[in-house]
Structure formats: C-alpha cells, structure tokens
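# Residue-level structural notes
The chain contents come next:
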Amino acid sequence: MKRDIWQKIYGTPPESLSQRVSSTLSTLKEEETIMKRYIFRSVALALCLVFLLAGTVWAVSESGILSLLNRYGEELNENQQQMIQTEFDEDTAHLGPITVTLKEMICDGYVATVTFEYVAPEGTYLYTDAVEMTPEEWEMDDQSRLDKYGPYYVLTDVHAGFASPLAIMDPPGESMMLGQRMAPNIILHSLSFPVAGMDLDTLQIGVGAWEVKEAGKQGDRHGAALYPRYKGSTEPFKTFSLSFDPADTPFGLSEVDLAFTGLTTHISIRAQADPMDCIPELLDGEGKELPLTLLGSFGGYHQQKDCWEMGYGPLSEIPDTLQLQMHRWNEEIMDTEPWGDPITLHLK
C-alpha cells in the first residue's frame, strides 16, 4: 500500500524513529536490491506502528482490542464486538516466572487479532521495544535499566505460525504487533496477522523472554507457545471470483478473488509480474482508496499460493464495481507508481 495512505492514518513518526529506520535502510543497501525494496515496504510499516506507541500509557480497559482501536479513532459496531472471543480452552503459558495469558481473539477467516498479557512477579520489570514510553526510557541501555530496576526480563519478538505436516508456516503478508504497558511488571500485547487459507486449528503464537542480570549478556532464555482456538464463524457473507486474459494487462493479470466479511474486504490476485517489484491496490468504483483499518489492512505476496493478498476495511454494502490498480517500484522516488490503467472489477 502507498506510504502516504499509512501516514494519513498514523501521522508522522518521531525523529528518533526516522533515524533508526534510516540506519536500518543503510544496512539493507548491502543486501540484494530487489529484496531490499520489498523488505522496506513490509518492515517499515510494522516499525512505524510499533514505535508510534512510544510515549503512550495505556489504561486498563475491559477490552484490549477496543482500547487499541479507540486510540486511533476506530471502533467496532455491535455485530463486530460480538465476534470478540474472551474464553479459551488453553489460555496460559509460562516463561520462567512470567505468566502469559490469552485475553481476546477476533477473526473472520482472513485476518485475526489476538491479545495476550505478560505478568511477572511484583517488583520485576518487563522490557520490550513496543512500549517504551518516555525519551529517557528510549535511550536506556542494559546497564541503566539494571541500575534503575535491578535484574529484569526482555520479551522477545512474538510470532504467529500454523502447523503443517512438515513445518510451522508463516501467515501470508506482514504481521503487526502493538504493546500496552499496564504496570512495570505487566505488558499487554496485540498481534494482528492474515490467516486466509490457513488452518486456524493449528495456530500457534510463539512467545519468549530472557533474563538480564549483567549488561550485555543474556541470561536464562524461556520460550513457550499459546494455542488460541477461535470458535466464532469465519465464513464470508459474499465472495467473487473473476478471470482475465493475461495478455490484456502489462502485468499479466489472470485471476482476482474477492471476499466481503464483517471485518475486512479481502482480495487475492494472481498475475505474471515479479512479486518483488510491484504492489496491487484496491480502489472503489470512482478510483478512490478503500478504507484502511488496524484489524483488516494487510498486504503481501503469499509464496505458497503464488498470489498477492490484500486486506481493507469492511464495506457497508457490496458495490457494483471496484478497481484494481497495480503499482510498480520506482527506485528514484523510493516508492511505487501506477503501472497501467486501473482494471474495473464488475460485481453485479
């Protein structure tokens, strides 16, 4: 998705973030050029969302998902709120003295959001990049944290995966993790990720932590998994499958699948273009951008299924037409530009 769309929703990132992203991109320049392009667009969006929460103290609320949406001026209607599941057959895991508890899950079969809470013993500090809240904490290193809090725990990256007969498969597209600090020893995490075509009964959320007793050294490492099982309906209320002649477009479009759900408008695209060099975008019938939401807006290339998959906010009604615009990477502006004319998708 185009960078200016995300900036419109999430605002301009702080200078400290810009410096870190610039440093990261400098490192990426040493890698293969095409991979650099795609990594930039996937990782930069996730980084922006994580670090924009710096400086925010989250109050405990009845629903972490609703609290997250309210922070960005979004809300769920009554039917969507009823999709939030709060009870699980297996709801806890342990990382040494830290208890991790599943809190909520919402899913429509195409995207999912899971919230879970880390609770350490009273007096034990939990550290994660997602919830640094002040300029002082932003600049702290191992030694300064040890001086202030004593031995503490670092929470590792959270990972969603789906078990297969051979391995743990990643979900298609990028995931998005947001963190909320409830207390020095309590962190609430929210992980959103695409799930189209994945077996939800094999979903695993990997969590981890290590203890820091001495600056620059990792102490005991702990890992565990949560197994959220969503019991609500994940059936879309309307789907479309459209076929095209690849010779009619410069990027060789052959198939478009659309699904309309209570949470998302999902599109799957097959074309002959290099997946590392272009990004599709879904527009309304007048060529305007479809709404983006925290829970539903994902985009990426699914290598196993050989297709692009994009998510947008839900639509109140199914339109007569939508438009598909492919964007091609432009190295000079470090962003995408339109590739050919929009393709009209007739739905009625």
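Scroll up to find the structure.
Residues numbered from 1 in each chain as written. Predicted model: local features only at pLDDT ≥ 70, side-chain atom pairs only at ≥ 80, totals over all residues. Heavy atoms only, no water.

## A closer look at the overall build of the protein
Helices and strands together make up the secondary structure of the protein, namely 7 helices and 20 strands. In the protein, buried positions account for 51% of the 348 residues. Within the protein, counting contacts between residues at least 6 apart in sequence, those at least 24 apart form 65% of the total. When the accessible area of the protein is evaluated, it comes to approximately 16,600 Å², of which 48% is carbon and sulfur surface. (Helix = DSSP H or I, 4+ residues; strand = E, 2+ residues; numbered from the N terminus. Buried < 20%, exposed > 50% of the residue type's maximum accessible area, 1.4 Å probe, protein only. Contact = heavy atoms within 4.5 Å. Areas by Shrake-Rupley, 256 points an atom, 1.4 Å probe, with all protein chains shown as cover.)

## Some points on the pairing of strand β20 (residues 343–346)
Taken residue by residue, a regular strand's side chains alternate between the two faces of the sheet. Burial along β20 is one-sided: Ile343 and Leu345 are buried, and none of Thr344 and His346, which face the opposite way, are. As judged from the 4 bridges shared by strand β18 (residues 321–330) and β20, these two strands associate in the antiparallel manner. When the sheet's bridge partners are listed, Leu322 is paired in β20 with Leu345. (Pairing = 2+ DSSP bridges.)

## Brief notes about the nonpolar core
By size, the foremost hydrophobic cluster in this structure holds 49 residues, and its most contacted members are Ile98, Phe116, Tyr118, Phe193, Ile205 and Val207. Here the element with the most residues in this core is strand β2 (residues 98–107); it accounts for 6 residues. Not counting the four nearest positions on each side in its chain, Val207 is found in contact with Leu95, Val100, Phe116, Tyr118, Thr156, Val158, His222, Gly223, Ala224 and Leu226. In terms of nonpolar packing, the next biggest core, distinct from the first, is built from 28 residues, Ile267, Ala271, Ala273 and Leu282 among them. (Core = buried A, V, L, I, M, F, W, Y, C linked by side-chain atoms within 4.5 Å.)

## Some details on the sheet that holds β2
The 5 strands are arranged β1-β2-β3-β9-β8 in an open sheet whose pairing can be described as antiparallel. Sheet topology places β1 (92–95) and β8 (176–183) at the edges, where each strand pairs with a single neighbour. Looking at each pair of strands side by side, their axes are set apart by 25° on average, direction ignored. When strand β3 (residues 111–119) meets strand β9 (residues 186–194), the two strands line up antiparallel, connected through 9 bridges. Each bridged residue has a counterpart across the sheet, and for Thr115 the counterpart in β9 is Ser190. (Axes fitted to C-alpha atoms, helices over the stretch in contact; angles between N-to-C directions.)

## Things to note about the sheet that holds strand β12 (residues 238–243)
Spatially, 5 strands are ordered β12-β13-β14-β17-β16 in an open sheet, and the strand pairing comes out antiparallel. Each edge of the sheet is formed by a strand with only one pairing partner; in this case those strands are β12 and β16 (299–302). For this sheet the average axis-to-axis angle between neighbouring strands, irrespective of direction, equals 15°.

## Brief notes about the packing of aromatic side chains
This model, assessed by the stated rule, comprises 6 aromatic pairs. Where Tyr125 meets Tyr149, the ring centres are 3.7 Å apart and the plane angle is 0°; that geometry is what we call stacked. Placement of the pair is Tyr125 in the loop between β3 and β4 (126–127) and Tyr149 in helix α7 (residues 142–149), with a sequence separation of 24 residues. Put simply, the rings of Tyr125, Tyr149 and Tyr152 pair up and form one aromatic cluster. (Phe/Tyr/Trp six-rings, centres within 6.5 Å; stacked < 30°, edge-to-face > 60°.)

## Some points on the side chain of Glu74
With respect to the helices and strands, the residue Glu74 is situated in the loop between α4 (64–71) and α5 (78–81). Looking at Glu74, its side chain comes within polar contact range of the main-chain nitrogen of Leu294, at 3.3 Å. Not counting the four nearest positions on each side in its chain, Glu74 is found in contact with Leu69, Leu292, Thr293 and Leu294. (Polar contact = N/O pair within 3.5 Å; in protein donor to acceptor, adjacent residues only side chain to side chain.)

## Description of the side chain of Gln323
Summarising the element assignment, Gln323 is placed in strand β18. For Gln323, the side chain forms a polar contact with the main-chain oxygen of Gly285, separated by 2.7 Å. Filtering out sequence-adjacent residues up to four positions away, Gln323 remains in contact with Glu281, Leu282, Leu283, Asp284, Gly285, Glu286, Gly287, Pro342 and Ile343.

## Re the pattern of salt bridges
For the structure on display, the rule yields 5 salt bridges. Here Glu214 makes a salt bridge to Lys217, at a shortest N to O gap of 3.5 Å. A salt bridge links Glu286 to Lys288, with the shortest nitrogen-to-oxygen separation between them at 3.8 Å. Comparing Glu286 with Lys288, the two get one shared label, exposed. (Salt bridge = Lys/Arg side-chain N within 4 Å of Asp/Glu carboxyl O.)

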